[in-house]
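In case you want the letters, here they are:
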Amino acid sequence: MSESSAAVHEVWDPQGAPDAVRSLFDLSGKKALVTGGSMGIGQAAARVLAAAGADVAIVDVEEDLGERVADAIRGLGRDSLFVPCDVSDAEQVEAAIAAVVQRFGRLDIAVNNAGIIRLGTDESLEKDAWDRVIGVNLTGTWLCARAEMRQMIRQQPTEGKIINMGSIAALIAASNGAYDASKAGVVHLTRTLAASWGRYNINVNSISPGYVGTVFGQRRPEDERQRLRSLTPLGHVQRLADLHGPLLFLASRASDYVTGQNIVVDGGHTLSTWVFPPARAVPPRIGPAEEIDA
Ligand SMILES: NC(=O)c1ccc[n+]([C@@H]2O[C@H](COP(=O)([O-])OP(=O)(O)OC[C@H]3O[C@@H](n4cnc5c(N)ncnc54)[C@H](O)[C@@H]3O)[C@@H](O)[C@H]2O)c1
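Residues numbered from 1 in each chain as written. Predicted model: local features only at pLDDT ≥ 70, side-chain atom pairs only at ≥ 80, totals over all residues. Heavy atoms only, no water.

Please set out the layout of surface pockets residue by residue, giving values where relevant.
A water-sized probe rolled over the atoms picks out the places where empty space is left. The volume enclosed by the second largest pocket comes to roughly 510 Å³. Lining of the second largest pocket is provided by 19 residues; of these, Glu-159, Lys-161, Asn-201, Asn-203 and Asp-256 occupy positions nearest its centre. Of all the elements in the fold, those that place two or more residues in the lining of the second largest pocket are β5 (160–165) and β6 (202–209). Considering only residue class, the lining of the second largest pocket consists of six nonpolar, seven polar and six charged. (1 Å grid on protein atoms, 1.4 Å probe; cavity = no way out; pocket = protein on both sides within 12 Å on 5 of 7 lines; lining within 4 Å. Points joined across faces, edges and corners; volume = space filled by probe spheres on them. Helix = DSSP H or I, 4+ residues; strand = E, 2+ residues; numbered from the N terminus. Nonpolar A, V, L, I, M, F, W, Y, C, P; charged D, E, K, R; others polar.)

How would you sum up the pattern of salt bridges? Please name residues and give values.
Evaluation of the coordinates by the stated rule reveals 13 salt bridges. Across the salt bridge formed by Glu-222 and Arg-225, the nearest N and O atoms sit 3.8 Å from each other. Pair noted here: Glu-222 and Arg-225 are both in helix α8 (residues 222–230), with a separation of three residues, about one helical turn. Of the residues examined, Glu-222 reaches a relative accessible area of 45% and is grouped as partly exposed. (Salt bridge = Lys/Arg side-chain N within 4 Å of Asp/Glu carboxyl O. Buried < 20%, exposed > 50% of the residue type's maximum accessible area, 1.4 Å probe, protein only.)

Please give an account of a nonpolar patch on the surface that cites residues and values.
A grouping of Leu-171, Ile-172 and Val-264 is seen on the molecular surface, where their side chains present a nonpolar patch of about 210 Å² in accessible area. Residue position: Leu-171 is located in the loop between β5 and α7 (177–197). (Patch = residues over 30% accessible without salt bridge, like charges linked within 9 Å, V, L, I, M, F, W, Y side chains within 5 Å. Areas by Shrake-Rupley, 256 points an atom, 1.4 Å probe, with all protein chains shown as cover.)

Any details on the site of the ligand? Residues and values, ideally.
Around the ligand, the surrounding shell holds 30 residues, and the nearest of these are Ile-41, Asp-60, Asn-113, Tyr-179 and Lys-183. Measuring from an oxygen atom of the ligand, one finds a backbone N or O atom of Asn-113 at 2.8 Å. Backbone polar atom of Gly-210 to an oxygen atom of the ligand: 3.5 Å apart, as the coordinates give it. Against a free-state accessible area of 830 Å², the protein chains account for coverage of 94% of the ligand. Breaking the shell around the ligand down by element, the ones donating at least two residues are α3 (40–51), α6 (127–154), α7 and β7 (214–215). (Near = heavy atom within 4 Å. Polar contact = N/O pair within 3.5 Å; in protein donor to acceptor, adjacent residues only side chain to side chain.)

Go over the packing of α6 against α7 with me, naming the residues and quoting the values.
Where α6 meets α7, the axes come as close as 8 Å, and the angle between the chain directions of the two elements is 15 degrees. Comparing their axes, α7 and α6 come out roughly parallel. Relative to α7, the crossing made by α6 is right-handed. Where α6 abuts α7, its residues Trp-130, Val-133, Ile-134, Asn-137, Leu-138, Thr-141, Trp-142, Ala-145, Arg-146 and Met-149 lie against Gly-177, Ala-178, Tyr-179, Ala-181, Ser-182, Lys-183, Gly-185, Val-186, Leu-189, Leu-193 and Trp-197. For the contact of α6 with α7, a count of residues per class yields 14 nonpolar, five polar and two charged. (Axes fitted to C-alpha atoms, helices over the stretch in contact; angles between N-to-C directions. Parallel < 35°, antiparallel > 145°, perpendicular 65-115°, else oblique. Left-handed = near helix turned anticlockwise from the far one by under 90°. Contact = heavy atoms within 4.5 Å.)

So, unusual backbone geometry: which residues are in play, and what are the values?
Cis geometry marks the peptide bond from Gln-156 to Pro-157; its omega dihedral reads -5 degrees. Relative to the helices and strands, Pro-157 resides in the loop between α6 and β5. Backbone geometry at Asn-201 places phi at a positive 60 degrees, although glycine is not the residue there. Among the secondary structure elements, Asn-201 is positioned in the loop between α7 and β6.

With reference to specific residues and values, describe the pairing of β6.
Extensive coverage of β6 is indicated by the burial of eight of its eight residues. Of the two faces of β6, the one lined by Ile-202, Val-204, Ser-206 and Ser-208 and the one lined by Asn-203, Asn-205, Ile-207 and Pro-209 are each fully buried. You can see the chain leave β5, run along α7 and come back into β6, and the turn it takes is right-handed. Sheet topology places β6 next to strand β9 (residues 262–265); four bridges connect them, and they run parallel. Within the sheet, the bridge partner assigned to Ile-207 lies in β9 and is Ile-263. (Right-handed = clockwise from strand over helix to strand, strands pointing away. Pairing = 2+ DSSP bridges.)

Right, here's the structure in full:
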């Protein structure tokens, strides 16, 4: 029995149960990277992994903000570095993963989160915009996953957790053709890579957030937020904090037997195309005033 399955086995030992369960989510000593970690969802992901014990590298094009996130992580007592990289460029991706491994010695967890959107009607979308969105969101995710996987199979023990950032736009037609197609591609690429790389003990999963209250850094107007609340079964606008648990689950030993899955974190928003949303029975767990990090 491997060390990790022995620890899980202890869950059934009444003496060892609480510690064994808690340790499933412990990332102490793990080495992680987050692309697009300088702000938004990526920054939140980097902080969560660090809070759970991991050393975390920030891989991004935004240097000033990325250095600040790295400083904050070092403030938690973990190691961190900022690595400049445009994820759509194969050479930059290879160099970035090499820089992370040179510092950390290995790579256990990779969150491929860097992404962009080009708003506008599909009728007016220019090919350059299409190419850039697909290049960063889909090709960038593949380039990063490929470089991460090469490192993960070369290290001992051979294993790793790759988490790709999808979107509910992978599931619904949100009228941003390039973005929607890129995210559908990310979710299906995740399945394909999971099927290929399970043999190396590499788990590949994706998370698909709904409409986080900051969309690419911009706070949504109140009338839109109210509409989102009314169309979301769990009744509040999505906060960055709502992604913490799913990220930690997929990054940790708790998800060792989970691969190729897309965890939709949207408060139930995509479950129904309600014409008449049912009235709430009780207030949502999070009230409008508490959607603070959204
Ligand atoms: N915000 C939402 O509502 C939402 C919903 C679903 C999915 N997502 C996805 O979550 C991810 C993060 O979104 P966000 O809202 O935090 O966006 P954001 O704009 O706040 O952050 C994106 C980060 O990616 C970085 N980045 C952009 N292009 C890059 C490139 N070529 N190379 C390296 N880094 C690059 C940016 O500098 C930034 O730090 C994206 O993949 C996005 O599609 C966001």
